[in-house]
Amino acid sequence: MTDPVETARPTGTSKTDIGKITAAAGLAVVLWASAFVAIRGVGHALSPAPLALLRLGVAAVTLTVIAGAKRAVRIRLSRKAFLLIAAYAVLWLAGYTVALNAGERHVDAGTAALLVNLAPLLVAVTAGKFLGEGFSRSLIVGSLVALGGTAIIATGATAQRDWAGVLLCLLAAVLYAAGVMIQKVTLRHVDGLTAIWLGCVVATVVLLPWMPQLVGELQVASAGALLGAVYLGVFPTAVGFTAWAYALRRMNAGRLSAVTYAVPAVSVLLSWLLLAEIPTAYGLVGGVLCLTGVAISRRR
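About the cut-offs
Counting restarts for each chain, with residues numbered from 1 along the sequence as it is written. Per-residue local features are limited, in this predicted model, to residues with pLDDT of at least 70; the limit for side-chain atom pairs, both in listing and counting, is 80 or more; totals at the level of whole chains, interfaces and linings are taken over all residues. Hydrogens are left out, water is left out, and the side-chain values use all remaining heavy atoms of the structure. We count a stretch as a helix when DSSP gives it H or I for four or more residues in a row; a strand needs E for two or more, and each element gets its number in order from the N terminus. We call a residue buried when its accessible area falls under 20% of the maximum for its residue type, exposed when it is over 50%, and partly exposed in between, using a 1.4 Å probe and counting protein chains only. Whether two residues are in contact is decided by their heavy atoms: any pair within 4.5 Å suffices. Accessible surface area values rest on a Shrake-Rupley calculation with a 1.4 Å probe, where residue burial reflects the displayed protein chains alone. Only centres within 6.5 Å qualify two rings of Phe, Tyr or Trp (six-membered ring in Trp) as a pair; their planes then separate them into stacked at under 30 degrees, edge-to-face at over 60, and tilted for everything else. Criterion for a charge above a ring: Arg CZ or Lys NZ at most 6 Å from the ring centre, at most 35 degrees from the ring normal. N or O atoms within 3.5 Å of each other form a polar contact, as long as, within protein, one can give a hydrogen and the other can take it, and as long as residues adjacent in sequence are counted only when both atoms are side-chain atoms. Residue-level confidence of the predictor is what pLDDT reports, using numbers from 0 through 100. Here an axis means a line fitted to C-alpha atoms, over the contact stretch when the element is a helix, while the angle between two N-to-C directions is reported on a 0 to 180 degree scale. Roughly parallel means an angle under 35 degrees; roughly antiparallel, over 145; roughly perpendicular, 65 to 115; everything else is oblique. Helix crossings are classified by the rotation of the near helix relative to the far one: an anticlockwise turn of less than a right angle makes the crossing left-handed, while a clockwise turn makes it right-handed. Under this grouping Gly is polar, as are all residues other than the nonpolar Ala, Val, Leu, Ile, Met, Phe, Trp, Tyr, Cys and Pro and the charged Asp, Glu, Lys and Arg. Note that patches include only residues with greater than 30% relative accessible area and no salt bridge, and the join distances are 9 Å for like charges and 5 Å for nonpolar side chains (Val, Leu, Ile, Met, Phe, Trp, Tyr). Salt bridge, as applied in this entry: a Lys or Arg side-chain nitrogen positioned within 4 Å of an Asp or Glu carboxyl oxygen.

Caption draft 1: Looking closely at the overall build of the protein. Scanning the protein from terminus to terminus reveals 13 helices and zero strands. Split into buried and exposed, the 300 residues of the protein put 51% on the buried side. Excluding contacts between residues fewer than 6 apart, the proportion of contacts in the protein whose partners are at least 24 apart in sequence is 92%. Within the structure as shown, the protein displays about 13600 Å² of accessible surface, and the carbon and sulfur contribution to it stands at 68%.

Caption draft 2: Representation of the side chain of threonine 237 in the model. As for its placement among the helices and strands, threonine 237 is situated in helix 10 (residues 223–248). On the basis of relative accessibility, which here comes to 1%, the residue threonine 237 falls in the buried class. If sequence neighbours within four positions are ignored, threonine 237 has contacts with Arg55, Leu56, Ala59, Cys200, Leu232 and Thr242.

Caption draft 3: Looking closely at the packing of aromatic side chains. Taken as a whole and judged by the stated rule, the model has nine aromatic pairs. Here the aromatic cluster, defined as three or more aromatic residues joined through ring pairs, consists of Trp32, Trp92, Tyr96, Tyr176, Phe241 and Trp244. In this structure, arginine 250 is placed above the aromatic ring of tyrosine 246, and the distance from its NZ or CZ to the ring centre is 3.8 Å.

Caption draft 4: Structural view of the side chain of threonine 204. Mapped onto the elements of the fold, threonine 204 is located in helix 8 (residues 192–206). Residue class for threonine 204 comes out buried when judged on its relative accessible area of 14%. In this structure the side chain of threonine 204 is engaged in a polar contact, spanning 3.2 Å, whose partner is the backbone oxygen of leucine 56. Those residues in contact with threonine 204 that lie beyond four places of it in its chain are Leu53, Leu56, Gly57 and Ala60.

Caption draft 5: Molecular detail of the confidence of the model for the protein. When pLDDT is averaged along the protein, the result is 80; 81% of the residues meet or exceed 70. Averaged over each element, pLDDT in the protein is lowest for helix 11 (residues 253–259) (68) and highest for helix 9 (residues 211–218) (96). Within the model, pLDDT remains below 50 along residues 1–11, and this stretch shows 18 contacts once partners closer than five positions in the same chain are excluded.

Caption draft 6: Structural context of the packing of helix 3 (residues 79–103) against helix 8. Taken N-terminus to C-terminus, the directions of helix 3 and helix 8 make an angle of 60°; their axes are 8 Å apart at the nearest point. Put simply, helix 3 runs oblique to helix 8. In this structure, helix 3 meets helix 8 at a crossing whose hand is right-handed. From helix 3, Phe82, Ile85, Ala86, Tyr88, Ala89, Val90, Leu93 and Ala94 reach across to helix 8, where they touch Ala195, Ile196, Leu198, Gly199, Cys200, Val202, Ala203 and Val206. Residue composition of the contact of helix 3 with helix 8, by class: 15 nonpolar, one polar and no charged.

Caption draft 7: Up close: a nonpolar patch on the surface. On the surface, a nonpolar cluster with roughly 360 Å² of combined accessible area is contributed by Val201, Val205, Leu208, Met211 and Val215. Inspection of the secondary structure puts valine 205 in helix 8.

In structure tokens form, the structure reads like this:
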């Protein structure tokens, strides 16, 4: 094991560091956007909780391999750090994933992405209030512009909305926001790789009661559904959350969360490329507004 990672913030951030943070945040956005498309394809073959169990189990195994290869994970944690990891693992990794899986059984991927994208605004408000990050003009204006873009994307959605799906996606947004806030505090006590690795392990253990159901559903599931679930575990979860933790440890929670307003726009693009779903004019205009809002929110 290496020595504990220093968690103090540097007094200044170089252009190289900014580039790394931006790249990590961008990677998380693209992978999380792809998750909405993947869940849509897998969700009818596997139930919400079993799918979440398989996804997080694959992520835990993947991160164990990465952690072993890097030899950079700190096992000795304080009781407070472990409790914080467990809290965001249950709320965000387990709870959010199950709620989103269930919600996408009732609403299309674009609408789900829109509803979940209320989370960055919740994070900006709570981080400004409770973490002392404040409310910069650029963050508020950028968030409102991006939120308007997501609303335009939803206006152009053609799928019928189901109130059960809407409520489940809103629950996912609340769990997402709570998880980000707890994770931000957690990263003051432990490095990002350790936090997300142990978080996935804890979330997998929490979902183990659904193992018998998962085994039964896997016996009749297609190979494509299994590969989709593995993709969700390796890329949007293991890689995506690790990249997010890297950026979150080095950036204000509210400003970083505003970047995820680009997720619906990226989801529209990926649906176009991967599912041959041609975006509507609403989707194109809304996507441009989402990206514009993100650019505004990133201004100092």
